[in-house]
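Spelled out from the first residue to the last, the chains are:
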Amino acid sequence: MKAVVLRDITNSDDIVLEEIIRPKARKGWVLVKIAGLGLNHSELVLRVNEIRADYIKKPIVPGIECVGTVEESLDYDFRRGDVVCSLMGGLGRNFNGSYEEYALLPVNRLFHVNSALDMEHLAAVPETFFTAWGSLFESLDLKSSDVLLVRGATCALGYASMQIAKALGCQVYGTTHKNAKMPLITDLGCKAVLDTEYSLPEGFYANKILELIGPKTLRDSLSHLYHGGIVCHTGILGGEYYLNSFDPIKEIPNGCYLTGFFSNFPTQEIMDAIFTFIDNHNLIPFIGASFPFSCIKQAVKAQERGIDGKIVVMMDN
Ligand SMILES: NC(=O)c1ccc[n+]([C@@H]2O[C@H](COP(=O)([O-])OP(=O)(O)OC[C@H]3O[C@@H](n4cnc5c(N)ncnc54)[C@H](OP(=O)(O)O)[C@@H]3O)[C@@H](O)[C@H]2O)c1
């Protein structure tokens, strides 16, 4: 079968499809015929940097999410033809991920999909909507009465978060560092805030802030919370990963909260809730570009250039 295999730091020009042996199902591991996969910022980080870390299995097929159908299973809960998705939990880091035609996936990382969406739109859901959902509900405890700010809103995760929060009935603001991108936020019914200097406008306050730029703007976000408000640190788009000399006593305002979200622990119950919410609110995941698997190099290059919306890659047959 065809797969992208990474052995070390790899330039996007050097992405190729190579032939590898198709694995077989075994107890606790199900063989999935991949139908589509979404690209993620963290796969770019893996390819250009993280791959050298000791905890990454090498060689590795990257890709932290996919949708597809069960091809072979020794497990009673998964039958040939079942529509499934998988995400995180070591996928594309500790064991081979989704940039391949068939993936051998552990049953505890495999979830049944019950959705009205077609496969292409389903491919845009698992990691992006799970992270948005967890950040908004588990970490930010989002309620319809909330004023939510999505900081760094013009990324796949930002669009999904704004779609969910709008559907819930929240007042939603999104920031962008590019004037030309403001319509992408307002088109979703949200208010756009220009954030070129990484400093929110004086007098602007929200009670829930989803921080996707990361340590670069976290201090500023904390200072724009209403009393009782929460910042959830989920993204690192700003390219800074750590907050040096952070003084929690002085920098987390009294009566405000700082939390985070790590998308490593999806469950069937949460995935069911997400697919039901998407169907009930007629949400259409925002796909920025779709590529056939034979053109995965072009997909990865488009990711480097930056695409508005989720990039999906669909298998050729
Ligand atoms: N905590 C978790 O478990 C978790 C899970 C998933 C994703 N994430 C993180 O969430 C973030 C979004 O992920 P994604 O996969 O949705 O990303 P993505 O769709 O690949 O989005 C990347 C785009 O973000 C845009 N962006 C917006 N504001 C930016 C800024 N201030 N600086 C740089 N770029 C900015 C860039 O476009 P423009 O510059 O043209 O606007 C860039 O093309 C990433 O940092 C990712 O690592 C975290």
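Thresholds, definitions, all that
- Residues numbered from 1 in each chain as written.
- Predicted model: local features only at pLDDT ≥ 70, side-chain atom pairs only at ≥ 80, totals over all residues.
- Helix = DSSP H or I, 4+ residues; strand = E, 2+ residues; numbered from the N terminus.
- Buried ≥ 20, exposed ≤ 12 C-beta atoms within 10 Å, placed from the backbone.
- Domains from an automatic or database assignment.
- Contact = placed C-beta atoms within 7 Å.
- Core = buried A, V, L, I, M, F, W, Y, C linked by C-beta atoms within 7 Å.
- Pairing = 2+ DSSP bridges.
- Axes fitted to C-alpha atoms, helices over the stretch in contact; angles between N-to-C directions.
- Near = placed C-beta within 6 Å.
- Nonpolar A, V, L, I, M, F, W, Y, C, P; charged D, E, K, R; others polar.
- Parallel < 35°, antiparallel > 145°, perpendicular 65-115°, else oblique.
- Left-handed = near helix turned anticlockwise from the far one by under 90°.
- Arc of directions from axis to C-beta.

J.: Mind showing me how you'd approach unusual backbone geometry here?
T.: Across residues other than glycine, the phi torsion is negative in most instances, and most of the peptide bonds are trans. Between K58 and the following residue, P59, the backbone shows a cis peptide bond with an omega angle of -5°. With respect to the helices and strands, P59 occurs in the loop between helix 1 (41-48) and strand 4 (65-72). We note that Y198 has phi near 55°; this positive angle belongs to a residue other than glycine. Here the phi dihedral of N282 falls at roughly 50°; this positive angle occurs in a residue that is not glycine. Examined against the element boundaries, N282 turns out to sit in the loop between helix 8 (268-280) and strand 14 (287-292). On the basis of neighbour count, N282 is assigned to the exposed category, with 8 C-beta atoms found within 10 Å.

J.: Explanation requested: the domain arrangement of the protein in the structure shown.
T.: Assigned domains within the protein: domain 1 (2-125 + 285-314) and domain 2 (127-260). Between the C-alpha centres of domain 1 and domain 2 the distance comes to 28 Å. In this complex, domain 1 contributes 13 residues to the contact, which on the side of domain 2 involves nine residues.

J.: I would appreciate a short explanation of the nonpolar core in the present structure.
T.: Nonpolar side chains in soluble globular proteins generally cluster together in the buried interior. The biggest cluster of nonpolar side chains holds 85 residues, and the ones touching the most others in it are V30, V32 and L148. Three or more residues apiece are contributed to this core by two domains, here domain 1 (2-125 + 285-314) and domain 2 (127-260). If we skip the residues at most four places from it in the chain, V32 touches C66, G68, T69, V70, E71, V84, S86, Y102, A103 and L105.

J.: What am I meant to see in the sheet that holds strand 10 (residues 191-194) here?
T.: Sheets are built from strands that pair by backbone hydrogen bonding, the pairs being arranged parallel or antiparallel. Strand order in this open sheet of six strands is 10-9-8-11-12-13, and the pairing throughout is parallel. In this open sheet, the two edge strands, each paired with only one partner strand, are strand 10 and strand 13 (257-260). Averaged over all pairs of adjacent strands, the angle between their axes in this sheet comes to 20°, without regard to strand direction. Sitting on the sheet, helix 4 (residues 156-168) is in contact with strand 8 (147-151), strand 9 (171-176) and strand 11 (206-211), with an inclination near 165° to strand 9.

J.: Explain the site of the ligand here, please?
T.: Lining the immediate environment of the ligand, one finds 26 residues, of which C155, A156, L157, G235 and G306 sit closest. For the shell around the ligand, the elements supplying multiple residues, two or more each, are helix 1, helix 3 (126-139) and helix 4. Per-element tally for the shell around the ligand: the top contributor is helix 3, with three residues. Of the residues that constitute the shell around the ligand, the class distribution is nine nonpolar, 14 polar and three charged. When residues are assigned to domains, the shell around the ligand turns out to be shared by domain 1 (2-125 + 285-314) and domain 2 (127-260), each giving three or more.

J.: How should the packing of helix 3 against helix 4 be read in this particular structure?
T.: To characterise two packed helices, one gives the angle between the axes of the helices and the distance between these axes. Put simply, helix 3 and helix 4 touch, their axes get as near as 9 Å, and they point 55° apart. Overall, the two elements helix 3 and helix 4 adopt an arrangement that is oblique. For the crossing formed where helix 3 meets helix 4, the hand is right-handed. The residues of helix 4 that touch helix 3, namely those facing T128, F129, T131, A132, W133, S135 and L136, are A156, L157, A160, S161, I164 and A165. Tallied by class, residues from the contact of helix 3 with helix 4 come to nine nonpolar, four polar and no charged.

J.: Explain helix 6 (residues 215-222) to me, please; I cannot follow it from the model alone.
T.: Side chains of residues three or four places apart in an α-helix project in the same direction, reflecting 3.6 residues per turn. Taken together, the buried positions of helix 6 are occupied by T217, L218, S221 and L222. Along the long axis of helix 6, the arc covered by the buried residues comes to 140°, so they all point the same way. Structurally, helix 6 contributes buried residues whose contacts are with strand 8, strand 11, strand 12 (225-233), helix 7 (248-251) and strand 13.

J.: Would you mind showing me how to read the pairing of strand 3 (residues 29-38) here?
T.: Working note: regular strand, side chains alternate between the two faces of the sheet. Most of strand 3 sits out of view: 10 of its 10 residues are buried. The pairing of strand 3 with strand 6 (residues 102-106) spans five bridges and is antiparallel. Each residue of the ladder has a partner; that of V30, found in strand 6, is L105. Bridge count for strand 3 against strand 4 is five bridges, and the pairing is antiparallel. Paired with K33 across the strands is T69, a residue of strand 4. With three bridges connecting them, strand 3 and strand 15 (residues 310-314) associate as antiparallel partners. Opposite G36, over in strand 15, you have M314 as the bridge partner.

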